[in-house]
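Geometric and topological summary
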Amino acid sequence: MARGRGSEVEVKFRRDLGLLEITMIGFGPTIGSTIFLLVGPGFAITGPSLVLAFGLNFVVTMFTAMAYMELSSAFPETGGGYLWIRRSMRDPWGFLGGWLSWFGHCIVASFYIFGFGLGAVIMLKTLLGTQTLVLAGLGEGALIRIFAVLAAGVFILLNYRGTKITGRWETIVTTTLIGIVVAFIVFALYAAFSGPFPSDHFQPFFRGDTNWAQFLSLLGSMGFTFIVFEGYEIIAQTGEECREPEKNIPRANIIVICVSTVIFVLVAFGAIAVAGDCVGTDPQDPCLVLSASPDPVGNNNAIAAIAGRIMPFGLYIVTFGVALGALAALNSLVFSSSRVSFAMGRDGTIPKVFGRLHPKKRTPHVSIGASGLIIVVMTLTLDINTVAASADIMFLLLFLLVNWAAIVLRRTMPDVKRHYLMPLFPLIPIIGIATKFVIAMSLWAIEPFAWFVALGWIGLGLAVHTLYQKKEVVAGVAKAVEAILPAPRARYRILLPIEDFERVELVDFAALVAQVEDAELTLLHVIEVPPALPIDAIDRFYVSEVRWNLGKLRRRAEDAGATATARVEVSHKVFDAILENIQEDETDLLILGWKGGWRKGRILGTNVDRFVQEAPCDVVVFKGAGLKERPERILVMNAPEWHVSYATGYAILLAKKHKARITVFTAAQTDTEMAKETAYSARLAEMCRTHGVAFEEKFLKTRSIADAVVAEAATYDLVVLGASSEWRLTQFAFGPMQDQIARRIAAPTLMVRRIRRKESWTPPAVPLPASPPPSP
């Protein structure tokens, strides 16, 4: 039975997937039915230079793939590109990163199941020997969509059952699919080179009458076929389910991209060498384009028809491959799309229900269902080529933002270990941004309606985001009304979640603040129950033990002069339980204990990071391990931020209680900064003087502020830090400098972040106990 360990609780998937499984998950959409369905339309756009388009797409893809490899080796979390964008950028960019990723995965999945339906219909027509298929009064268009929806249902169910089943199935399906593709390549190359090489099939190499027209055609074909290179985004979604993700994810990316590019080029080369520039009249004709008005169009069935000409049972085998490739890709995309919406729900950017796991299957069942619904709707309403182009636009815009995120995170979180570092930084991600933007814009000339679909989804996302922001607007109006018509203020409320009953320094500090603020202090302990067990499965004797221990701490707080209550809650999710207590009690101040240290991909710690970012109240994080019973020297890091005034107020409380001396330490890099911070140091010094606390001011001009503070802190009993204005960025807890200092210093540390009032705060002069309250 799991006991409440608030700072250790984290929603995570099981790490069931190895290098083979995630490689196959990446191959699923990459070697899926796109290679069979898009060669014809791609050839119609640019001609034989489609081979060059695939090669250039490989180069363009590598720019972004290197960003993915670096970020996934540093932040291996479910959510992939969305979470990296959210870590690095303010909203709405962080929100849009997830919104684009979610819809991109869903709409490309609809392309693949459309491909399955098409393959199934072609297979039936071939087996029945008919040119037109009608079943139960339904024509081919309706049958394609019916088969597609049935396939979607099967793989939604597979993902619902869990990733281990998904991973094994992916390996079997993808291995079979690669064998079919290789067989087509071998027979196509044999047909091309068994006699005189048909060089005329590659003339003219480009489409267009002018160099500019040829360039635009080439660029358009790159954009239209770019969908085949999005496997590394899907691999990134396995971060929390993959064993050794910092090593296996970059390896899988390299394998998938390199092998896939070779296959794409060879399939296109072989198909063009066999079929040339012939124009067919029926999809069953072995031609890459079909006659249409006003211009010929690409034949989505070209590869299967060509295979029927050059391979024994080729039409059957490749048609089966189209359907199988669609299933392999669909499985990966249902998997990845649900993980993006799960991550967004877990972060609270969309309703929290999306972030729930099934209590038994441990899969994000709500996210899987919602993603499946979007996939089915897109399949039933859009044309296959419009779906493909819309997916291209979504992923190109997503990849653009990921390159941007790589630049920002390298600058703002340089101390996070990266097992892979991209070369020529920041040139590589800058080129990635530019190329993705140009290719995305080129699709306007190829499929303009796809841009309307993309812009419509983006507009819907911004509307959803704005509605969420309305809550802040309503809160602002309420504050304005209170200013005009003052109402009696409720009693100040403090919440102290207790994980370790031996951490009495947290209770002493909370009681001191509660006494000064005339506050109501609540001590909360959450007993965590494993998700597979019902809430009432907890041992009643253990509950009694917890109540007894918490009662001792409550009496300690009351002996110190505070009004205190104690509460024990039993929950499956510690973080959610504490957050709900904050919201229900309208808590003013949350005091958290921190053990020190940090985990890769985190700032201070899983739940500490989330509370600092999400708690709708003031937050104090106290690393009290090693704190003396009577601290004598307290260091306050000066910075011209109102959070620092608030933090200094807490330092004054502790100094008055323990008769300690405060040092206001100022470190600056330039004379201008020093002048500004000297003035603010005088303000903090005046606060100390007003309350009769011994103090001194120290100033140091240095190249590294963090190094200077860490060195100075070595001789102090307690270090006090106030947040910077950058704490609201999701890559920080209290600010870039503050987070780094907190992680590096060994001394007890008090960190303060305030959101409710922006005026400076000083503690009221009230009688304080001459000595700490006795231990119970």
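Residues numbered from 1 in each chain as written. Predicted model: local features only at pLDDT ≥ 70, side-chain atom pairs only at ≥ 80, totals over all residues. Heavy atoms only, no water.

Bringing the overall build of the chain into the picture now. Scanning the chain for helices and strands turns up 25 helices and 13 strands. Residues classed as buried in the chain amount to 59% of the 776 residues present. Relative to all contacts within the chain whose residues are 6 or more apart in sequence, the contacts with residues 24 or more apart total 82%. By element, 62% of the accessible surface of the chain is carried by carbon and sulfur atoms, the whole surface being about 29,900 Å². (Helix = DSSP H or I, 4+ residues; strand = E, 2+ residues; numbered from the N terminus. Buried < 20%, exposed > 50% of the residue type's maximum accessible area, 1.4 Å probe, protein only. Contact = heavy atoms within 4.5 Å. Areas by Shrake-Rupley, 256 points an atom, 1.4 Å probe, with all protein chains shown as cover.)

A separate point is the packing of helix α4 (residues 50-74) against helix α9 (residues 211-224). How two helices pack is summed up by the angle between their axes together with the distance between the axes. Where α4 contacts α9, the two axes come as close as 9 Å, and the packing angle between them is 65°. By crossing handedness, the relation of α4 to α9 is classed as right-handed. Between α4 and α9, the contacting residues are Leu52, Ala53, Leu56, Asn57 and Val60 on the first element and Leu218, Ser221 and Met222 on the second. In terms of residue class, the contact of α4 with α9 is made up of six nonpolar, two polar and no charged. (Axes fitted to C-alpha atoms, helices over the stretch in contact; angles between N-to-C directions. Left-handed = near helix turned anticlockwise from the far one by under 90°. Nonpolar A, V, L, I, M, F, W, Y, C, P; charged D, E, K, R; others polar.)

All right, on to the side chain of threonine 23 then. Within the secondary structure, threonine 23 sits in helix α1 (residues 19-30). For threonine 23, a relative accessible area of 6% gives the class buried. At a separation of 2.7 Å, a polar atom in the side chain of threonine 23 contacts the main-chain carbonyl oxygen of leucine 19. Other than its neighbours up to four places away in sequence, threonine 23 contacts Ala252, Ile255 and Val256. (Polar contact = N/O pair within 3.5 Å; in protein donor to acceptor, adjacent residues only side chain to side chain.)

What follows is about the packing of aromatic side chains. Given two aromatic rings, one states the distance between the centres and the angle between the planes to describe the pair. This model, assessed by the stated rule, comprises 23 aromatic pairs. With a centroid separation of 5.2 Å and 65° between ring planes, the pair formed by tyrosine 646 and tyrosine 650 is classed as edge-to-face. Of the two residues, tyrosine 646 and tyrosine 650 both sit in helix α22 (residues 642-658), four residues apart, roughly one turn of that helix. Comparing tyrosine 646 with tyrosine 650, the two get one shared label, buried. An aromatic cluster of at least three residues, connected via ring pairs, comprises Tyr68, Trp84, Phe226, Phe395 and Phe399. (Phe/Tyr/Trp six-rings, centres within 6.5 Å; stacked < 30°, edge-to-face > 60°.)

A separate point is the pairing of strand β8 (residues 618-623). Burial of β8 is extensive: six of the six residues sit out of reach of the surface. Every second residue of β8 is oriented toward a common face, with Asp618, Val620 and Phe622 on one face and Val619, Val621 and Lys623 on the other, all of them buried. In this sheet, β8 lies alongside strand β7 (residues 589-593) in parallel orientation, the contact comprising five bridges. Note on β8: the bridge partner recorded for isoleucine 591 is valine 620. Across five bridges, the pairing between β8 and strand β13 (residues 749-753) is antiparallel. When the bridges of β13 are listed, valine 621 appears paired with methionine 751. (Pairing = 2+ DSSP bridges.)

Here we take up the confidence of the model for the chain. Detail in the predicted coordinates should be disregarded across regions flagged by low pLDDT. When pLDDT is averaged along the chain, the result is 78; 81% of the residues meet or exceed 70. Below pLDDT 50 for its whole length, residues 163-167 participates in 13 contacts with residues either more than four positions away or in separate chains. Throughout residues 727-731 the model reports pLDDT below 50, and contacts reaching past four residues in sequence, or to other chains, amount to 26 contacts. (pLDDT = per-residue confidence, 0-100.)

Another point: the sheet that holds strand β3 (residues 297-298). Taken in spatial order, the three strands line up as β1-β2-β3 in an open sheet, and their pairing is mixed. Where the open sheet ends on each side, the last strands, each with one partner, are β1 (279-280) and β3. Two strands pair when backbone bridges link them, and strand β2 (residues 289-290) and β3 are joined in this way by two bridges, in the antiparallel orientation. From the neighbouring strand, leucine 290 faces β3, where its bridge partner is valine 297.

Attention now goes to the pairing of strand β4 (residues 493-497). Across the five residues that make up β4, a large majority, four, are buried. Relative to strand β5 (residues 520-528), β4 is paired through five bridges, and the arrangement is parallel. Paired with proline 497 across the strands is leucine 524, a residue of β5. Since β4 and β5 lie parallel, the crossover through helix α18 (residues 504-517) that links them has a hand, and here it is right-handed. Where β4 and β7 come together, two bridges link them in parallel fashion. When the sheet's bridge partners are listed, leucine 495 is paired in β7 with leucine 590. (Right-handed = clockwise from strand over helix to strand, strands pointing away.)

Here we have ten strands laid out as an open sheet, ordered β6-β5-β4-β7-β8-β13-β12-β9-β10-β11, and mixed in their pairing. The open sheet has two edge strands, β6 (563-571) and β11 (695-701), and neither has a second partner. Across the sheet, the mean angle from the axis of one strand to that of its neighbour is 20°, orientation sign disregarded. Docked against the sheet, helix α23 (residues 671-690) engages β10 (661-668) and β11, running at close to 170° with respect to β11. The strands that helix α25 (residues 736-744) touches are β8, β9 (633-637), β12 (718-722) and β13; relative to β12, the one it contacts most, it runs at about 160°.

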